[in-house]
Amino acid sequence: MVRSNNYVGKSNYDNGYLDGAIDDLTIFNEALDASGVSALYQSSQLSDVIEADSDVYQDLQLDTELVSNGDLSTGDSWTLTGTVDIADNTLVFNSGNAALDGVVEQVIQGYPDVNYTLSLDYGVYGAEALVSGQVDVVDEASGEVLATQTFDSDSLTMQTLTLDFTARSAGNMVLRIADTSADGTNRDLLVDNISLQARSVDNPDHAATAAELLPTHDAIDALAAFDFTTGSGDKAESLTSNGQVVTFYSAITHFNHDGVSFNGAGGYLGTMTLSGDITIASTFTYDSHGSWARIIDFGNGPGTDNILIASPTEGRIEAQIFHGNTIVGSVAFDNFYTLGETFHMALTVDADGHMHLYKNGVEVADNPNGQGPSGVSLTSNLVGQSNWGALDANTDGTMKDLVVLDRSLDPNSISDLYDQAQSGDIESFLTSLEMIGTDSADIIKADSGSNTLLGEAGDDILFGGAGNDTLTGGTGSDTFTWEASDLGTAATPAEDVITDFHLGQGGDVIHLDDILPEDHGDLDQYLALNFDNGDTTLEITPQVGGDITQKIRLEGVDLSVLGNTDAEIINNLINNGNLSPD
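It should be emphasised that the depicted structure is a prediction, and the values quoted were computed from it without experimental measurement. (Residues numbered from 1 in each chain as written. Predicted model: local features only at pLDDT ≥ 70, side-chain atom pairs only at ≥ 80, totals over all residues. Heavy atoms only, no water.)

## A look at the overall build of the chain
- Within the chain one finds 7 helices and 40 strands.
- Across the 582 residues that make up the chain, the buried fraction comes to 48%.
- Put simply, of all contacts in the chain between residues at least 6 apart along the chain, 60% involve residues at least 24 apart.
- A total accessible area of about 26,000 Å² is found for the chain, and carbon and sulfur atoms account for 45% of it. (Helix = DSSP H or I, 4+ residues; strand = E, 2+ residues; numbered from the N terminus. Buried < 20%, exposed > 50% of the residue type's maximum accessible area, 1.4 Å probe, protein only. Contact = heavy atoms within 4.5 Å. Areas by Shrake-Rupley, 256 points an atom, 1.4 Å probe, with all protein chains shown as cover.)

Written out as structure tokens, the structure reads:
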């Protein structure tokens, strides 16, 4: 029903006018659940927080003239772990002889879609020799890395690092600064003038939308993914947008067509949080064997929430998961490899703790009684080396690639990953994963090519992009959306397929508001229906009498049962909630 008398501050009855003020008004064409309403409230409070509550930010600033809370002291909001002290209002990381032996953290409140700028000064105290560090900002609830940056210096003159990032949700963020110097004898890493500032609320980057306020989840993105066959220097950047970096020690043989040869050294990643279901995969070669030589060892030190994959004896691969210092799950297979053999290894852990071990795309062992990672933040994430140090052998081998996901891939996906790794194109595999949803509500967008989108469980929103796409919503009430910029031409209209469209109230929805004009009138001027072998194809023209530039085929759905004419069928679709033209 079209409603024409839509007033704000005034009644359709003779009840007088509102004597008051309205700060904002948002109208949704669906019912938000409790978490959605909470997120909407947090967004509505955004400008007040930034303009009025400066205390939210003042604890994040150290030793600058801009702060009102004075110089940093050990009684402030920072948590210091390991060999790090505060001297002369400056953080001093007493490096010792190992990486990651000093960490400082502070928990702060974040607000959705607010852009922040973090800056700090760093340098060397003592001898002019190399020191290094890493700064991370992590969403405390989800573990998502919002920003990460490594830095190093061999100068007594302080340098400045600046990092911009955006908070994703209303909740706590963790600001973490770690010393990653491999050998700090006779020198210390200094960090000073730490400042975290929120930009003004009216900045052009702040553009929260109704869809972003819904309690949905992004489609999967790798926590870390690397191709070590290309590149140079001692760092490798992730193939995805998560900002992860692997830093290698100088003893390695740098990138070549086979990967990175550890030669008894190794490297490390930035901070990560893994919980529940996961996938870790790598193409690897052992050149010689040493007891418990590592492929990876993620954790917080020896026997502290570790996730490790190693070779305890020649030919055997074993994966172990710790909660604290207790092994809660393991899976292993003998005769997994021979020395000099290049193999693809994958470990998956399902949400129920079922552990699976794969070689070259095929499952070789499982443990249905395991457990997934505990979900704590992991700061010592090593590749080709052990968190137990000299207690385990150094790794003599080559790593070609590494993929870390926060979900468990099924056997078919593991097989696909192996195939792509063999061809040296894991980036294409990761791109395809971004088109697959989770068991919750997802927003999934096709790109300019011809894609296959899968929503899985939950009430998903799938965007048919440019190209000819195949869309499967899965279970739940899903929305299929098209945008005007994705249409084809009269000569080659875009042709998309929905494989599982569900009719009736509470079913799926086709959303065409961006394609059709606002004053569209009768929709059968823009939509034509064709029926063939139990399928229905919607042919869409954005203008009356124009060319067909978009076709949507509903596989296995015969809309002719809804009426005798296109106009009657279209009206029934709208009345049942299966078509949204506005």
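We are not done yet, so read on.
## Details of unusual backbone geometry
- A positive phi is found at Asp305, a non-glycine position, where the angle reads about 55°.
- Among the structural elements, Asp305 can be located in the loop between β20 (293–299) and β21 (307–311).
- Overall, the relative accessible area of 13% leaves Asp305 in the buried class.
- The backbone of Asn335 sits at a positive phi, close to 55°, despite the residue not being glycine.
- The topology assignment puts Asn335 in the loop between β23 (326–333) and β24 (342–349).

## Overview of helix α7 (residues 566–575)
- Along α7, the positions that sit buried rather than exposed are Ile569, Ile570 and Leu573. Down the axis of α7, the buried side of the element spans an arc of 100°, and every buried residue falls inside it.
- Of the surrounding secondary structure, the elements contacted by the buried residues of α7 are β37 (527–532) and β40 (579–580).
- Count one or two residues on from α7 and you reach Gly577, which has phi positive near 80°. (Arc of directions from axis to C-beta.)

## Brief notes about the environment of Thr271
- For Thr271, the position within the fold is in the loop between β17 (267–269) and β18 (272–275).
- For Thr271, a relative accessible area of 4% gives the class buried.
- In the structure, Thr271 is positioned 29 residues away from Asn300 in sequence and 9.7 Å away in space, judged by C-alpha atoms.
- Ignoring anything within four residues of it in the chain, the contact list for Thr271 reads Gln134, Asp136, Val145, Arg176, Gln244, Ser377, Leu378, Thr379 and Asn381.

## Quick notes on the environment of Thr81
- Relative to the assigned elements, Thr81 resides in strand β1 (residues 79–82).
- Taking C-alpha positions, Thr81 is 5.8 Å from Gly102, a pair spaced 21 residues apart along the chain.

## Here we look at a nonpolar patch on the surface
- Residues Val8, Ile22, Leu25 and Ile27 make up a contiguous nonpolar surface patch of about 450 Å² in total accessible area.
- Here Ile22 is to be found in the segment before α1 (34–44). (Patch = residues over 30% accessible without salt bridge, like charges linked within 9 Å, V, L, I, M, F, W, Y side chains within 5 Å. Salt bridge = Lys/Arg side-chain N within 4 Å of Asp/Glu carboxyl O.)

## Considerations on the packing of aromatic side chains
- Per the stated rule, a full pass over the model turns up 13 aromatic pairs.
- Arranged with centres 4.6 Å apart and planes meeting at 45°, the rings of Tyr122 and Phe151 form a pair that is tilted. In this pair, Tyr122 is assigned in strand β5 (residues 115–126) and Phe151 in strand β7 (residues 145–153), connecting sequence segments 29 residues apart.
- Tyr122 gets classed as buried once you look at its relative accessible area, which sits at 9%.
- Under the relative-accessibility criterion, Phe151 is labelled buried at 5%.
- Plain terms: the ring middles of Tyr337 and Phe343 are 5.6 Å apart, the flat faces sit at 25° to each other, and that makes the pair stacked.
- Tyr337 sits in the buried class, given a relative accessible area of 4%.
- Among the aromatic residues, those joined into a ring-pair cluster are Phe226, Phe228, Phe248, Phe262, Phe284, Tyr286, Phe336, Tyr337 and Phe343. (Phe/Tyr/Trp six-rings, centres within 6.5 Å; stacked < 30°, edge-to-face > 60°.)

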